[in-house]
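A structural walkthrough
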Amino acid sequence: MSSPITPISSVPLAEPRTPVSGGTGGFQAVLAQAIGGVEHLRSNAGQTVERFLAGDGEEVHTVALATQRAELAFETFVQIRNKVVSAYQSVMQMQV
């Protein structure tokens, strides 16, 4: 006899930190907004999966779309981060 399937619980993430400086815009604001957007999509996908697993009427295609959106947003964010780091390293290697 096999044991019943138990629901998957989500992993709690650390709360975003508040900025140390008193800056009101620029790169920091854009970065914070991008991180918030990716986190929102991840949270939405997690809630959709939980509702589907609980049998609360979520459809399979809705779950698939939500998880794909979250995955695509995360992959895009990682690639943008890699480009920013690469650009920063290039600037730091320039001779003045």
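The shown structure was predicted, so the numbers you read here are calculated from the model rather than taken from an experiment.

The next thing to look at is the overall build of the protein. From N to C terminus, the protein includes two helices and zero strands. When the 96 residues of the protein are sorted by exposure, 7% land in the buried category. Of all intrachain contacts in the protein linking residues separated by at least 6 positions in sequence, the fraction that spans at least 24 positions is 52%.

What follows deals with the pattern of salt bridges. Any two side chains of opposite charge can pair, on the condition that their charged atoms come close. Using the criterion set out here, one finds two salt bridges in the structure. With a closest N to O distance of 2.7 Å, E39 and R42 form a salt bridge. Of the two residues, E39 and R42 both sit in helix α1 (residues 27–54), three residues apart, roughly one turn of that helix. A relative accessible area of 35% means that R42 is categorised as partly exposed. Of the charged contacts, one joins E58 and R51 as a salt bridge, the two residues approaching to 3.0 Å between their closest N and O atoms.

Tracing the chain through its elements places N44 in helix α1. It is 8.2 Å that separates the C-alpha atoms of N44 and A70, two residues lying 26 residues apart in sequence.

Take the side chain of T48 next. Following the sequence through the fold, T48 ends up in helix α1. For T48, the side chain forms a polar contact with the main-chain oxygen of N44, separated by 2.8 Å. T48 has contacts with E58, T62, V63 and A66, leaving out every residue within four places of it along the chain.

The end-to-end C-alpha distance of α1, which contains 28 residues, comes to 40 Å, matching closely the 40 Å that a straight helix rising 1.5 Å per residue would cover. Taken together, the buried positions of α1 are occupied by V38, A45 and T48. Positioned one or two residues after α1, G55 has a phi angle of 80°, which is positive.

With that settled, the discussion passes to a nonpolar patch on the surface. Taken together, the side chains of F27, L31, I35, I80 and V84 make up a nonpolar region of the molecular surface, amounting to roughly 450 Å² of accessible area. If you tally residues by element for the nonpolar patch, the top one is α1, at three residues. Within the fold, L31 resides in helix α1.

Attention now goes to the packing of α1 against helix α2 (residues 60–93). α2 packs onto α1 with a crossing angle of 155° between their chain directions and a minimal axis gap of 9 Å. Our classification of the angle between α1 and α2 gives roughly antiparallel. For α1 against α2, the interelement crossing comes out left-handed. Contacts between α1 and α2 involve F27, L31, A34, I35, V38, L41, R42, A45, T48, V49 and F52 from the former and V60, T62, V63, A66, T67, R69, A70, A73, F74, F77 and V84 from the latter.

Basis of the calculations
- Residues numbered from 1 in each chain as written.
- Predicted model: local features only at pLDDT ≥ 70, side-chain atom pairs only at ≥ 80, totals over all residues.
- Heavy atoms only, no water.
- Helix = DSSP H or I, 4+ residues; strand = E, 2+ residues; numbered from the N terminus.
- Buried < 20%, exposed > 50% of the residue type's maximum accessible area, 1.4 Å probe, protein only.
- Contact = heavy atoms within 4.5 Å.
- Salt bridge = Lys/Arg side-chain N within 4 Å of Asp/Glu carboxyl O.
- Polar contact = N/O pair within 3.5 Å; in protein donor to acceptor, adjacent residues only side chain to side chain.
- Expected span 1.5 Å × (residues − 1).
- Patch = residues over 30% accessible without salt bridge, like charges linked within 9 Å, V, L, I, M, F, W, Y side chains within 5 Å.
- Areas by Shrake-Rupley, 256 points an atom, 1.4 Å probe, with all protein chains shown as cover.
- Axes fitted to C-alpha atoms, helices over the stretch in contact; angles between N-to-C directions.
- Parallel < 35°, antiparallel > 145°, perpendicular 65-115°, else oblique.
- Left-handed = near helix turned anticlockwise from the far one by under 90°.

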